[in-house]
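# A structural walkthrough
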Amino acid sequence: MAKLSFKDYATDQEVRWCPGCGDYSILKAVQRALAAQGAKPENTVFVSGIGCSSRLPYHVNTYGFHTIHGRAPAIATGVKLANPELDVWVITGDGDGLSIGANHLLHALRRNVNLNILLFNNEIYGLTKGQYSPTSRIGTTSPSSPQGSIDSPLQPCLFAIGAGATFIARAVDIDQQGLPPLLTEARDHKGTAFVEILQNCIVYNKDVFDEVVGRKMAAETQIRCTHGAPLSYGKANDKGLMLNKQSLSIKSVELGVDGIGEEDLLVHDETNPILAQMLATMSPPMPVAMGVILRQEKPAFEESYWARKPLARRAKVKELLRRGNLLDRRAK
Amino acid sequence: MSQTSTDKTSHIVRFAGDSGDGIQLQGQQFTIASALAGHDLSTMPDFPAEIRAPHGTRYGVSAFQIQFGGERITTPGDSPDVLIAFNPAALAVNISHLVPGALILVDEHTFTKQHLKRADLASNPLEDGTLNDFEVVRIDISRHTLESVKAFGLGSKNSLRCKNFWALGLVLWMFEQPRSATLRWIETKFASNEAVKFANLAALNAGHAYGETAELAHVLSQHPIPQAPLDSVEYRTVTGAEALALGLVAAGELADTELMFCSYPITPASSILHQLVGLEEAGVATFQAEDEIAAVCAAIGASYAGKLGITSSSGPGIALKTEAIGLAVATELPLVVINSQRAGPSTGMPTKTEQSDLYQAIYGRNADSPVPVVAARSPSDCFDTAIEAVRIALRHMTPVILLTDGYIANASELWAIPDFDSYEPIDNHKPDGRLRSDELPASIFERDATTQARVWATPGDPRFLHRIGGIEKDIVTGNISYEADNHQAMTDMRLAKVASVAQFIPEQIIDQGLPGGLAVVAWGSTYGTIYQAVKDSLRGGLNVAHIHLTHLNPFARNLGQLLSQFDIVLVPELNTGQLATLLRDRLLVDVVQLNKVSGQPLRVGELKAKITELAPRQLNKVTGN
């Protein structure tokens, strides 16, 4: 069989995102990941809510369901329960997944339904023309907050930890090297995989992640989490994370300064939710954590669900109708 | 009192006590005994929304009413002729409903100063003349119960819990009804707790023995009523919730489709979920979602993936599901939405019945998004109505709303078990096994010309990869389309789809009576009351007929022509006139309204008075069946 390419997972439908939108590169990463997995299109379903990100299913040549605002995790739960053989992806955004649909996201995560949830976080409402979102930073000026927003922003990965997620990862939209394999890791996880993708909205929130994702400083502003490896970063790999035991917090250190060596750095343990919480909350001037922040083993919801329910119809209606106390008036 | 009348063919008995007294269980067991004795019957549980309301209060009274008899019984009856009252509050709130001369059996142990005060009674009704028009029997049920279970060492609180079975034993003796089913029930239910099991058995038997031995037989013993003229089939009792659950499962078997029932708890709809959990072996999976919206969405997801999604709620929950129902309309997915209506608006009165969600079912969505609507008329009718809802959903690939209510869900009646072999299979519109590869549609949105149904293509099938959604789609390809002509065509198609249901459903029949005079036209749980009122009125020589609608959207295709044959149309409803509006709107017939929104069912007497006011005399007497 010929090697699959991302083009094998493209549809004939014209993509209508704004030129330069981060969604283009995420779409390509998704298609690349599917190609790398050799995903069977008929067994793959993309379910989305409403918003710019949620248009993605129209452009992936698999089954797809563009649903209603915020409800994709609930619909995807129904799909997965009805047919656990399917690979079910949920495409959502910060407004769709964390505002109108936060409740469903929370419950999908706590149940650990085997879904792959990709949350495109651009910290703004795009499709409704630029209002502030639940992840917008305080002071965001927008058509609905001309004096600057006053709501505290939600941190998606922290939300996922609170909801009991068993797989939490973070990535950048334009990372065509890192994102496809990360998506495959998400797919291979048993249970809900939650991936926050920092996505650039070129029209309403341009370059909001610039200080994190700018290509030139990425090595200094991001830290890649690799299970079992020391948490180090920097162009020269000369920085790292240490635990401040007095304050139970993480500090950034320079290797070779004050006698600090690699052996003093924290080693990433993706099974540790306490560490995950500290990593997930890091923001500039600390490096922003990328990669798999948390991964835990737990039964997937649909497995427990079907383990307790017989798959095939065993009891016949004619028999069920006669259960209980009968008054038999048939001729004897 | 009833025992003096020899032509009595039915009794109406009401059990009433505190919401923790086990009144509902007592009523259910008495119902089964009545059925096994060969009586037709109809019951009405009437309980408060509070789980354990403060002891002895009026608002904490739980009641269960049953009418059973030797002819067709379709209502729990307007006015009980026997009341069993476990405390002063139970007596106080039920006394106004009784027929004069009714037998009142009270637990006199509870008529203390303290209890009277809790029931807001200034004086003791047993002594102040309140009950002069009734036959009152005072028995210290509490003391007799304690004595009968003393040997089992349960302590006085748990011993008193057996009171309902002691009283049930006595009432079964009064009506010469069998104890066997209740004895079996106790043995199974309390199999793991010997002391409780034996105590309840002893209480039941002691109550029964009390009837035989006490010097009260002349008052207590009721005139036996004949068996009902039943057909030569098997019968059982069934509640609306049971029949609805069985009907869904039956529809799944007829359609060769597994079901996924997704819901969120709400009174009075939860009993359907509880019933279906017990039927999972029959091809239905249940899922308790995080909220009403998630419940309907999970059901839609299940339907998309090839299992028929069903969701169930009551009015407030249906309101939350509304947007998602529109998604099912747009995506042409089968879905059954069950509304167990309750009194509203807002939280309203969760345990009280009303028929006020008809507008919501028919009109309650944004945009032109028509949905077929059917309504169950009685507990046993829920079986056929559930099958009908599934049949329409799959025949036309559409969401369908099934209206029932709290009264139907909890009430029970005697049910002639249907001959399931005679039910038509349901075409599930799945492509597998039906289509050869050269017969595959070019698009899954090629629609059947008579039903407007598309193929139910589902993930897992490599032949039908497709993307759907709530955005308007091209009528041919299914791709996103904002074209003006296309939206017009899609809107027309959606209307035609629902309208086409009328070509497949039976013509409307007249349930009783003949054309010409007054037609009583109604829907839902008022059926039993209207049946009885029209039957009595026909016997009384009035020119009246009963027409009861199952299909509310669309109406049966002959309904307009049928109603034109009557001089007057009367529409009794437990709302402010919703079917009346629909009839005027769709058929241009004017109607007279009879509306009641008290949270209580329509009474036969109320309706008969209205029929008498409106109906002409018969020229040639017709007889009710």
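Residues numbered from 1 in each chain as written. Chains lettered and ligands numbered in written order. Predicted model: local features only at pLDDT ≥ 70, side-chain atom pairs only at ≥ 80, totals over all residues. Heavy atoms only, no water.

### Some words on the overall build of chain B
Stated precisely, the cut-off is as follows: Under the DSSP-based scheme used, a helix requires at least four consecutive residues in state H or I and a strand at least two consecutive residues in state E, with every element numbered from the N terminus. The globule rule is 2.2 Å times the number of residues to the power 0.38, and the radius of gyration it is compared with is taken over C-alpha atoms. Only protein chains enter the area calculation, which uses a 1.4 Å probe; residues under 20% of their type maximum are buried, those over 50% are exposed, and those in between are partly exposed. The contact criterion used throughout is that any non-hydrogen atoms of two residues lie within 4.5 Å. In short, Shrake-Rupley with a 1.4 Å probe defines the accessible areas, and a residue's cover is counted only from the protein chains shown. Two residue types count as positive, namely Lys and Arg, and two as negative, namely Asp and Glu; His and chain ends fall outside the count. In this description, the location of a charge corresponds to atom NZ of lysine, CZ of arginine, CG of aspartate or CD of glutamate.
Along the backbone of chain B there are 21 helices and 20 strands. For a compact globule of 625 residues, the expected C-alpha radius of gyration is about 25 Å, and chain B comes in at 26 Å, within 12% of that figure. Along the first, second and third principal axes, the C-alpha set of chain B runs to 85 × 65 × 50 Å. Out of the 625 residues in chain B, the part that is buried amounts to 64%. Of all intrachain contacts in chain B linking residues separated by at least 6 positions in sequence, the fraction that spans at least 24 positions is 77%. Here chain B has roughly 22,400 Å² of accessible surface; of this, 51% comes from carbon and sulfur atoms. Charged side chains of chain B number 48 positive and 68 negative; the gap between the two group centres comes to 4 Å.

### Some details on the overall build of chain A
Helix and strand counts for chain A stand at 11 helices and 12 strands. Its C-alpha atoms put chain A at 100 × 50 × 45 Å along the principal axes. Among the 332 residues that make up chain A, the fraction classed as buried is 56%. Of all intrachain contacts in chain A linking residues separated by at least 6 positions in sequence, the fraction that spans at least 24 positions is 65%. If you sum the accessible surface of chain A, you get close to 14,400 Å²; carbon and sulfur atoms cover 52% of it. A gap of 13 Å separates the mean positions of the 37 positive and 33 negative side-chain charges of chain A.

### Observations regarding the confidence of the model for chain B
Test applied: In predicted models, pLDDT denotes the confidence assigned by the predictor to each residue on a 0 to 100 scale.
When the pLDDT values of chain B are averaged, the result is 94; 97% of them are 70 or greater. In this model, residues 1-6 of chain B is a region of pLDDT below 50 whose contacts with residues beyond four sequence positions or in other chains number 17 contacts.

### Considerations on the sheet that holds strand S10 (residues 249-254) of chain A
Residues and elements named next belong to chain A. Under the convention used in this document: Paired strands, in this sense, are two strands between which DSSP finds at least two bridges. Axis angles are defined between N-to-C directions and span 0 to 180 degrees, where every axis is a line fitted to C-alpha atoms and, for a helix, only to the segment in contact.
What the three strands build is an open sheet, ordered S8-S9-S10; its pairing is antiparallel. With partners counted over all chains shown, the strands left at the sheet margins are strand S8 (232-233) and S10, one partner each. Alignment of S8 against strand S9 (residues 239-244), held across two bridges, turns out to be antiparallel. In the sheet register, Ser-232 faces S9, and the bridge partner there is Gly-240. Relative to the sheet, helix H9 (residues 273-280) contacts S9 and S10, its axis offset from that of S10 by approximately 65°.

### Remarks on the interface of chain A and chain B
A common way to report how large an interface is uses the accessible area buried once the components associate. Selection rule: For any pair of parts, buried area is found by adding up, for both, the accessible area (1.4 Å probe) each one loses once the two are put together. Salt bridges are identified by distance alone: a Lys or Arg side-chain nitrogen within 4 Å of an Asp or Glu carboxyl oxygen. Distance and chemistry together define a polar contact, namely a pair of N or O atoms within 3.5 Å, with one atom able to donate a hydrogen and the other to accept it when in protein, and with adjacent residues in sequence counting only for side-chain atoms on both sides. Residue polarity is assigned by list, with Asp, Glu, Lys and Arg as charged and Ala, Val, Leu, Ile, Met, Phe, Trp, Tyr, Cys and Pro as nonpolar; anything else, Gly included, falls into the polar class.
Facing the 58 residues of chain A at the interface are 73 residues of chain B. Together chain A and chain B conceal approximately 5,600 Å² of surface at their shared face, both sides included; 58% is due to carbon and sulfur atoms. Counting the contacts that link chain A with chain B gives five salt bridges. With its nearest N and O atoms 2.8 Å apart, the salt bridge here joins Lys-318 of chain A to Asp-421 of chain B. For the interface between chain A and chain B, the tally reads 26 residue pairs in polar contact (both at pLDDT 80 or more). With seven residues, helix H2 (residues 72-82) of chain A is the single largest residue contributor to the side of chain A that touches chain B. The class makeup of the residues in the side of chain A that touches chain B is 27 nonpolar, 16 polar and 15 charged. Across three bridges, strand S2 (residues 63-66) of chain A lies against strand S15 (residues 467-469) of chain B in parallel orientation. Its bridge partner being in S15 of chain B, Phe-65 of chain A is matched across the sheet by Ile-468 of chain B.

### Things to note about the nonpolar core
Test applied: What we call a nonpolar core is a set of buried Ala, Val, Leu, Ile, Met, Phe, Trp, Tyr and Cys residues that are connected through their side-chain atoms within 4.5 Å. Throughout, the edges of the domains are those of an automatic or database domain assignment.
Core analysis: the largest hydrophobic core is formed by 165 residues, its most contacted members being Leu-279 of chain A together with Phe-383, Val-521, Leu-552, Leu-579 and Leu-583 of chain B. Counting contributing residues per domain, this core is built from domain 2 (231-505) and domain 3 (516-614) of chain B, each supplying no fewer than three. Core analysis: the next-biggest nonpolar cluster, separate from the first, contains 47 residues, Ala-33, Leu-103, Ile-186 and Leu-201 of chain B among them.

### Re the environment of Thr-550 of chain B
Residues and elements named next belong to chain B. Summarising the element assignment, Thr-550 is placed in the loop between strand S17 (544-549) and strand S18 (551-553). With 176 residues separating them along the chain, Thr-550 and Val-374 place their C-alpha atoms 5.4 Å apart. The contact partners of Thr-550, leaving out residues within four places of it in the chain, are Val-373, Val-374, Ala-375 and Arg-377.

### With respect to the sheet that holds strand S16 (residues 516-523) of chain B
Residues and elements named next belong to chain B. Spatial ordering of the open sheet is given by S17-S16-S19-S20, a layout of four strands whose pairing is parallel. On the outer flanks of this sheet lie S17 and strand S20 (592-595), each paired with one strand and no other. When strand polarity is set aside, the average angle formed by the axes of neighbouring strands in this sheet is 25°. In the sheet, S16 pairs with strand S19 (residues 566-573) via four bridges, with the strands oriented parallel. In the sheet register, Val-520 faces S19, and the bridge partner there is Leu-570. Running at roughly 165° to S17, helix H18 (residues 527-539) makes contact with S16, S17 and S19 of the sheet. Against the sheet, helix H21 (residues 604-614) contacts S16, S17, S19 and S20, and its axis sits at roughly 160° relative to S19.

### Examining the domain arrangement of chain B
All names here are of chain B. Each assigned domain of chain B is listed here: domain 1 (2-220), domain 2 (231-505) and domain 3 (516-614). The C-alpha-based centres of domain 1 and domain 3 are spaced at 35 Å. Both faces considered, domain 1 and domain 3 share a buried interface measuring about 840 Å² in area, 40% of it formed by carbon and sulfur atoms. When the area that domain 1 buries against domain 3 is broken down by residue, the three leading residues are Arg-72, Thr-74 and Asp-78, summing to 58%. Counting every contact that joins domain 1 to domain 3 gives zero salt bridges. At the junction of domain 1 with domain 3, the criterion picks out five residue pairs in polar contact (both at pLDDT 80 or more). Its residues placed into classes, the side of domain 1 that touches domain 3 shows one nonpolar, three polar and four charged.

### Details of the packing of helix H1 (residues 22-37) of chain A against helix H6 (residues 179-188) of chain A
All names here are of chain A. Put simply, the test is: The cut-offs work like this: below 35 degrees is roughly parallel, past 145 is roughly antiparallel, 65 to 115 is roughly perpendicular, and the gaps in between are oblique. The handedness criterion is simple: a crossing whose near helix is rotated anticlockwise from the far helix by less than a right angle is left-handed, and one whose near helix is rotated clockwise is right-handed.
Remark: H1 packs on H6, axes separated minimally by 8 Å, with the N-to-C direction vectors making an angle of 60°. Judged by the angle between their axes, H1 and H6 are oblique. Two packed elements cross with a definite hand, and for H1 against H6 that hand is right-handed. Seen from H1, the contacting residues are Ile-26, Ala-29, Val-30, Arg-32, Ala-33 and Gln-37; seen from H6, they are Leu-179, Pro-180, Leu-183, Thr-184 and Arg-187.

### Some thoughts on H2 of chain A
Most of H2 of chain A sits out of view: 11 of its 11 residues are buried. For H2 of chain A, every residue scored as buried is listed here: Ala-72, Pro-73, Ala-74, Ile-75, Ala-76, Thr-77, Gly-78, Val-79, Lys-80, Leu-81 and Ala-82 of chain A.

### Focus: the packing of aromatic side chains
Filter applied, for reference: In this scheme Phe, Tyr and Trp rings, the latter by its six-membered ring, pair at centre separations within 6.5 Å, and the angle between planes marks the pair as stacked below 30 degrees, edge-to-face above 60, and tilted otherwise. Here, a charge over a ring means that NZ of Lys or CZ of Arg falls within 6 Å of the ring centre while also lying within 35 degrees of the ring normal.
On inspection of all chains with the given rule, the structure shows 18 aromatic pairs over all chains. Pairing Phe-301 of chain A with Phe-287 of chain B gives two aromatic rings, centres 6.0 Å apart and planes at 70°, and the pair type is edge-to-face. Within this pair, whereas Phe-301 of chain A is found in helix H10 (residues 301-307), its partner Phe-287 of chain B is found in strand S9 (residues 284-288), the two belonging to separate chains. The residues Phe-301 of chain A and Phe-287 of chain B share a single accessibility class, namely buried. Every member of this aromatic cluster is reached through a ring pair, and the members are Phe-301, Tyr-305 and Trp-306 of chain A together with Phe-287 of chain B. Across the ring face of Phe-301 of chain A, the terminal group of Arg-111 of chain A is positioned such that the distance to the ring centre comes to 5.9 Å. Residue placement shows Lys-430 of chain B over the ring face of Trp-456 of chain B; its charged tip is 4.7 Å from the ring centre.

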